[in-house]
Amino acid sequence: MKSTYQILLLVFIGCLISCGSARLTEDNIPNSEVDLNTTGLANNLGDLLRKQPGVRVTGSGANLDVLIRGGANSITLNTKPLYVINGVQMGHEYRVANQALDINSVERIEIKKGTSQTNIYGGAGVNGVIEIYTKSYSQGKKKRS
């Protein structure tokens, strides 16, 4: 009897530890920033986006469809996220963002899902925002500081 309670207690503690390990934003949406230095090689932006939690990438080549989980809230039936590269809005087309980006210079990608995260972009960010920062942008910010 005593060992059964001990096992249940250990299982309960294990559940608490595993459930409480995700950092949540104020909208209770997990932060989704992946360290790109440890994710391996990528040939295009789609390869990097496939590694991001909460992002669904379908299709191949330049005609990829990207959908951020929880981002399909548009009344115009547009479900494409907004792409922002180094603070510049590139629009909602994957093809444009992929062409404007040197994939080897990408330092980090942040996926913004909740309204408190995307409200600075107004209606353009209603389906989520993919913020991409390059190494040269980050180095320039460090030099100014």
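Because the structure is a prediction, the values reported are computed rather than measured. (Residues numbered from 1 in each chain as written. Predicted model: local features only at pLDDT ≥ 70, side-chain atom pairs only at ≥ 80, totals over all residues. Heavy atoms only, no water.)

Novice: Just to check I follow, could you spell out a nonpolar patch on the surface for this structure?
Specialist: Side chains of Leu-9, Phe-12, Ile-13 and Ile-17 sit close together on the surface and give an oily, nonpolar patch of about 410 Å² of accessible area. Residue position: Ile-17 is located in helix H1 (residues 2-19). A relative accessible area of 59% places Ile-17 in the exposed class. (Patch = residues over 30% accessible without salt bridge, like charges linked within 9 Å, V, L, I, M, F, W, Y side chains within 5 Å. Areas by Shrake-Rupley, 256 points an atom, 1.4 Å probe, with all protein chains shown as cover. Salt bridge = Lys/Arg side-chain N within 4 Å of Asp/Glu carboxyl O. Helix = DSSP H or I, 4+ residues; strand = E, 2+ residues; numbered from the N terminus. Buried < 20%, exposed > 50% of the residue type's maximum accessible area, 1.4 Å probe, protein only.)

Novice: What should I look at first to understand the pattern of salt bridges in this one?
Specialist: Any two side chains of opposite charge can pair if their charged atoms end up close together. Within this structure, the stated rule accounts for 5 salt bridges. Where Asp-47 meets Arg-50, a salt bridge forms, and the shortest distance between an N and an O atom there is 3.6 Å. Separated by 3 residues within a single helix, Asp-47 and Arg-50 lie in helix H2 (residues 45-50), roughly one turn from each other. Its relative accessible area of 40% is what places Arg-50 among the partly exposed residues. A salt bridge links Glu-131 to Lys-112; its shortest N-O distance comes to 4.0 Å. On the criterion of sequence distance, the pair formed by Glu-131 in strand S7 (residues 129-134) and Lys-112 in strand S6 (residues 106-112) is long-range, its members being 19 residues apart. A single burial state applies to Glu-131 and to Lys-112, both of which are buried. Taken together, the shared-partner salt bridges in this structure form one network comprising Arg-108, Glu-110, Lys-112 and Glu-131.

Novice: When you look at the nonpolar core in this model, what are you seeing that I'm missing?
Specialist: Proteins that are soluble and globular tend to have nonpolar side chains buried together. Residues Leu-45, Leu-49, Val-66, Tyr-83, Ile-109, Ile-130 and Ile-132 are the most contacted members of the largest nonpolar core, which totals 20 residues. Secondary-structure elements contributing two or more residues to this core are H2, strand S2 (55-58), strand S3 (65-68), strand S4 (82-85), helix H3 (94-99), S6 and S7. Setting aside its immediate chain neighbours within four residues, Ile-130 contacts Leu-49, Val-66, Ile-68, Pro-81, Leu-82, Tyr-83, Val-84, Ile-109, Glu-110 and Ile-111. (Core = buried A, V, L, I, M, F, W, Y, C linked by side-chain atoms within 4.5 Å. Contact = heavy atoms within 4.5 Å.)

Novice: For this particular structure, what's the right way to read the packing of aromatic side chains?
Specialist: The relative placement of two aromatic rings is captured by the distance of their centres and the angle of their planes. Overall, the coordinates contain 1 aromatic pair when judged by the stated rule. Geometry around Tyr-133 places Arg-108 over its ring, the cationic atom sitting 4.2 Å from the centre. (Phe/Tyr/Trp six-rings, centres within 6.5 Å; stacked < 30°, edge-to-face > 60°. Lys NZ or Arg CZ within 6 Å of the ring centre and 35° of its normal.)

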